[in-house]
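# Fold and contact review
The residues making up each chain are set out below.
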Amino acid sequence: MNAISIAYKNMKSNLGLYKLHFLALVFSVMAYYQFSAMRYNPEVLTVSEQEMVSTLGHVTAIMLIVFLLYFSWFSSSFFLQQRKKEIGLYTLMGVSNYKVALIYAMENLIMSTLAIITGCLIGAAFGKLFMMILARYCNMGVDIKFFISGKAILETAIIFGVISLFFSIKGYINIIRSSLLSLINAMKKEEAIPKASIITGILSLVVIGAGYYCTRLAMGLNFLLFTLITTILVIIGTYMLFRSTTTIILKRLIKNKNILYRKTNIMTISNLCYRIRRNYKVYATIAILLTSTITAFGTVTSLNYTNNSIKDIDYPFSFTVLADNEQREDEINRVLQDEQVDMVFDNHFEILKVDNAKTKDYNYRGATIVRYEDYKKVIDNVGYKFDKGIFADKPLNDFEGMFNENSHTLFSLFKVNEVEINGQKIDIRKMFRAPLYGTGIPVDAIIVNGNTYNAFESIGEKYYFNGYKLKDETILTNELEDKVSALSEEGYTFFKNGKHDSQTKNNVIKIVYILGAFLALVFIMATGSIIYFKIITEAMEDKDKYTTLSKIGMEESTITKIIRTQVGMAFILPLLVSIVHTIVAIKVLENLIGILLNIPILISIGVVSLIFFMYYLLTVKHYLKLIKN
């Protein structure tokens, strides 16, 4: 029997154990194929957003590769560690390290090859469905046909093949360098309570706290730097937390006899405590992967939620006209009367356009100055109540204002505290994003009192803004748009869903939401497969212990309760830590967007927790089945 046949036989015998990991690989391959095929789909290449779709698909594919490299590195090291005893038995029977290493590498390559083939087949079969969902949700307006991309299949096979080959070689080298004694004792040497001091435990919390504090500094030009520092500190702190703080808590529980001897706690707490040295790295890694999953899903959910919640900011009016004189208002009204158009409300006011506004971090090529009373009329007419912070809590002083970001802004890296125009400074009391001009006129507005506005009249270029909200927006035809546009050739006219309304931002957010949600599903499947494999491996080791407990009279219901509690702790601990990390990360996003994101945070945590709970139920079921058999 050659190495390939032995490897294939081993893979088949271990398929029950590997199946979730195999499914995660298959789903990852399928996801990468979909992201790659988007760039080659002929229907996508014909739409106006094709460059945007291709770019987002490429970026998502790269993110998936980065995650898979981390996932593959961890899972290959973990699986090899779990199987070292089996590998040691081969060596004990006289098989050379080189032959055993080759069997292990071939086994890994065979499973990866099957995953690549299966993933590409499923991806090709469901490619049309995926693209139909994307095209329908993003209003691409194209007829999606069945399409299999040979380039995408080849790219997917090469990427995953190289990753698989690399980690197979890594495992091969690891085995040939291992001694027989280290292989045999691989699963025995870690059954001890690790040493941990209170100082180390406190230090882990300090490191995580320092990472959280750096998120408050992640603004402006230093955003990427402080984001990187935060990530590193939180990862280090998480490993220290599970290594030290968890050990200290478990030791305290063991010393507390009232808790230890209550019901089945002695079994659960003892098992957790004596295996913490082996498991803390797994728990920490699961917590980090879950943080990535919930944060990724929470980010795209927040963007989608924000997109649906700020339609009043993008479209406060059915159409707007920026005119060069006041007479255009009367002319537009006559056109609307001739067309028998019914209006809900309309707003008309002066604005000043300034080209030389600048802040500490940024120069604005085109900003506007608006009177506060005109701004407030727009807010009152629109009925915008999403954010109470958009009103002045007290009258604005001279040369004091509020900064309203334009509707195209998704993130605000710079906090505006002061604006300088022609040497004259305006102190900014508040910075927010609220309805004013709408998406048709994407310029920032500095909202000031009447005296400050008058002081800048000699500097700014005066325009007249006209906004109209219609009862029936179905009458917004190209003919009506042409008639209104003809009245103000020197100005600018914007109609909702009209010639100039590309809805690019809306489409970008929708595409990001679909791709991000798909990516998060890959993350959670990969994470779930790791913790499942870890716990089922422990079930094999604990089988004799539970058999002995059953023989000495412990009821089956009690054993089931112990197992459920023990498995539950393995799922709950990383999940709780990841939820805390995620809330901090999403709060950073909340500051960037400037809108409360409590609802999308709860949705993201709830969805991921639900999927994780399903993994818990599946793991408990297989654990009990293994023990009973």
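Below is a short write-up of the structure. Please read all numbers here as calculations on a predicted model, not as lab measurements. Counting restarts for each chain: residues are numbered from 1 in the order of the written sequence. Where totals are concerned, whole chains, interfaces and linings use all residues; where local detail is concerned, this predicted model gives features only for residues with pLDDT of at least 70, and gives and counts side-chain atom pairs only at 80 or more. The side-chain values count all of the structure's non-hydrogen atoms but skip hydrogen atoms and water molecules.

Moving on to the overall build of the chain. A helix here means a DSSP run of H or I that spans at least four residues, while a strand means a run of E at least two residues long, and both kinds are numbered starting from the N terminus. Scanning the chain for helices and strands turns up 21 helices and 11 strands. We call a residue buried when its accessible area falls under 20% of the maximum for its residue type, exposed when it is over 50%, and partly exposed in between, using a 1.4 Å probe and counting protein chains only. Within the chain, the proportion of its 629 residues that are buried is 52%. When the accessible area of the chain is evaluated, it comes to approximately 29700 Å², of which 60% is carbon and sulfur surface. Surface accessibility follows the Shrake-Rupley procedure with a 1.4 Å probe radius. Residue values consider only the protein chains on display as shielding.

Time to look at the side chain of serine 28. By the element assignment, serine 28 lies in helix α2 (residues 15-38). Note on contacts: a residue pair is in contact if any heavy atoms of the two residues lie within 4.5 Å. Not counting residues up to four positions away in its chain, the partners in contact with serine 28 are Leu64, Leu68, Phe160 and Val522.

Now for the packing of aromatic side chains. The aromatic pairing rule takes the rings of Phe, Tyr and Trp, using the six-membered ring of Trp, and pairs them if the centres are within 6.5 Å, calling planes under 30 degrees apart stacked, those over 60 edge-to-face and the rest tilted. Under the definition given, this model contains 14 aromatic pairs. With a centroid separation of 5.4 Å and 55° between ring planes, the pair formed by tyrosine 437 and phenylalanine 465 is classed as tilted. With tyrosine 437 in the loop between β8 (424-432) and β9 (444-448) and phenylalanine 465 in strand β10 (residues 461-470), this residue pair connects regions lying 28 residues apart in the sequence. Here the two residues tyrosine 437 and phenylalanine 465 agree in accessibility, since each one is buried. Among the aromatic residues, those joined into a ring-pair cluster are Phe317, Phe345, Phe349, Tyr437 and Phe465.

Before going further, it helps to examine the pairing of strand β6 (residues 400-404). Where burial is concerned, most of β6 is hidden: 5 out of the 5 residues are buried. Alignment of β6 against β8, held across 5 bridges, turns out to be parallel. From the neighbouring strand, methionine 402 faces β8, where its bridge partner is lysine 430. One bridge is not enough; two strands pair if DSSP finds at least two bridges between them. Pairing of β6 with β9, which is carried by 4 bridges, proceeds in the antiparallel orientation. From the neighbouring strand, glycine 401 faces β9, where its bridge partner is valine 448.

With that out of the way, let us pick up the sheet that holds β8. Taken in spatial order, the 11 strands of this open sheet run β4-β3-β7-β8-β6-β9-β5-β2-β10-β1-β11, and their pairing is mixed. One side of each edge strand has no neighbouring strand; the edge strands of this open sheet are β4 (363-364) and β11 (492-495). Here an axis means a line fitted to C-alpha atoms, over the contact stretch when the element is a helix, while the angle between two N-to-C directions is reported on a 0 to 180 degree scale. The strands touched by helix α16 (residues 372-382) are β2 (343-354), β5 (367-371), β6, β8 and β9; relative to β2, the strand with the most contacts, the crossing angle is about 150°. In the packing of helix α18 (residues 478-486) onto the sheet, the strands contacted are β1 (319-323) and β11, and the crossing angle to β11 comes to about 160°.

The next point concerns helix α7 (residues 150-176). Any helix carries an expected span of 1.5 Å times its number of residues minus one. Between its first and last C-alpha, α7 extends 38 Å over 27 residues, near the 39 Å set by a 1.5 Å rise per residue. For α7, the full list of buried residues reads Ala152, Glu155, Thr156, Phe160, Ile163, Ser164, Phe167, Ser168, Gly171 and Ile175.

Counted as salt bridges are all cases of a side-chain nitrogen of Lys or Arg within 4 Å of a carboxyl oxygen of Asp or Glu. Under the definition given, this model contains 9 salt bridges. Residue arginine 371 is joined to glutamate 350 by a salt bridge in which the shortest nitrogen-to-oxygen separation is 3.9 Å. One end of the pair, arginine 371, is in strand β5; the other, glutamate 350, is in strand β2, and 21 residues separate them in sequence. When sorted by exposure, arginine 371 lands in the same class as glutamate 350, which is buried. Glutamate 418 serves as the salt-bridge partner of lysine 425, at 3.9 Å between the closest nitrogen and oxygen. A relative accessible area of 41% means that lysine 425 is categorised as partly exposed. Judged by its relative accessible area of 33%, glutamate 418 falls in the partly exposed class.

For the rest of this paragraph, the subject is a nonpolar patch on the surface. Two joining distances apply to patches: 9 Å for like charges and 5 Å for nonpolar side chains (Val, Leu, Ile, Met, Phe, Trp, Tyr), and every residue must have over 30% relative accessible area and no salt bridge. Together, Ile198, Ile202, Leu203 and Val206 give the surface a local cluster of nonpolar side chains, amounting to about 360 Å² of exposed area. Tracing the backbone through its elements, the reader meets valine 206 in helix α9 (residues 198-217). Look at valine 206 and you get partly exposed, because its relative accessible area is 48%.

Here we take up the packing of helix α5 (residues 97-125) against α7. The geometry of α5 relative to α7 is characterised by a closest axis approach of 9 Å and an angle of 160° between their N-to-C directions. On the basis of the axis angle, α5 is roughly antiparallel to α7. For the pair α5 and α7, the crossing hand works out as right-handed. By definition in this entry, angles of less than 35 degrees are roughly parallel, angles greater than 145 are roughly antiparallel, angles of 65 to 115 are roughly perpendicular, and the rest are oblique. Crossing handedness follows the turn of the near helix against the far one: under a right angle anticlockwise gives a left-handed crossing, and clockwise gives a right-handed one.

Phi angles above zero are rare outside glycine, and phenylalanine 399 is one such case at about 60°. On the secondary structure map, phenylalanine 399 appears in the loop between α16 and β6. We note that asparagine 422 has phi near 55°; this positive angle belongs to a residue other than glycine. Position of asparagine 422 among the secondary structure elements: in the loop between β7 (418-421) and β8.

So, on to the environment of glycine 88. The residue glycine 88 is located in helix α4 (residues 84-92) in this model. Taking the relative accessible area as the measure of exposure, glycine 88 reaches 0% and is therefore buried. Separated by 90 residues in the primary sequence, glycine 88 and serine 178 have C-alpha atoms spaced 9.3 Å apart.

Okay, the pairing of β10 next. In terms of residue burial, β10 counts as a mostly covered element, since 8 of its 10 residues are buried. Relative to β10, β1 runs antiparallel, the two sharing 5 bridges. Looking at the pairing, leucine 322 lines up with phenylalanine 465 of β10. Across 10 bridges, β2 lies against β10 in antiparallel orientation. Following the sheet pairing, phenylalanine 349 is matched in β10 by phenylalanine 465.

Below, the discussion takes up the environment of threonine 320. In this fold, threonine 320 is placed in strand β1. As for threonine 320 and phenylalanine 495, which are separated by 175 residues in sequence, their C-alpha atoms are 6.6 Å apart. Discounting residues that sit within four places of it in the chain, threonine 320 has contacts with Tyr437, Ile441, Phe465, Asn466, Gly467, Tyr492, Thr493 and Phe494.

This next bit is on the nonpolar core. Residues enter a nonpolar core if they are buried and are Ala, Val, Leu, Ile, Met, Phe, Trp, Tyr or Cys, with the set joined through side-chain atoms within 4.5 Å. The biggest cluster of nonpolar side chains holds 78 residues, and the ones touching the most others in it are Phe35 and Tyr623. Counting residues per element, this core draws most heavily on helix α19 (residues 504-551), which supplies 18 residues. Each residue touching tyrosine 623, except ones within four places of it in the same chain, is listed here: Ile535, Ile536, Glu538, Ala539, Asp542, Tyr546, Ile563, Gln566 and Val567. Among the nonpolar cores identified, the runner-up in size contains 24 residues, and Val382, Leu396, Ala434 and Tyr437 belong to it.

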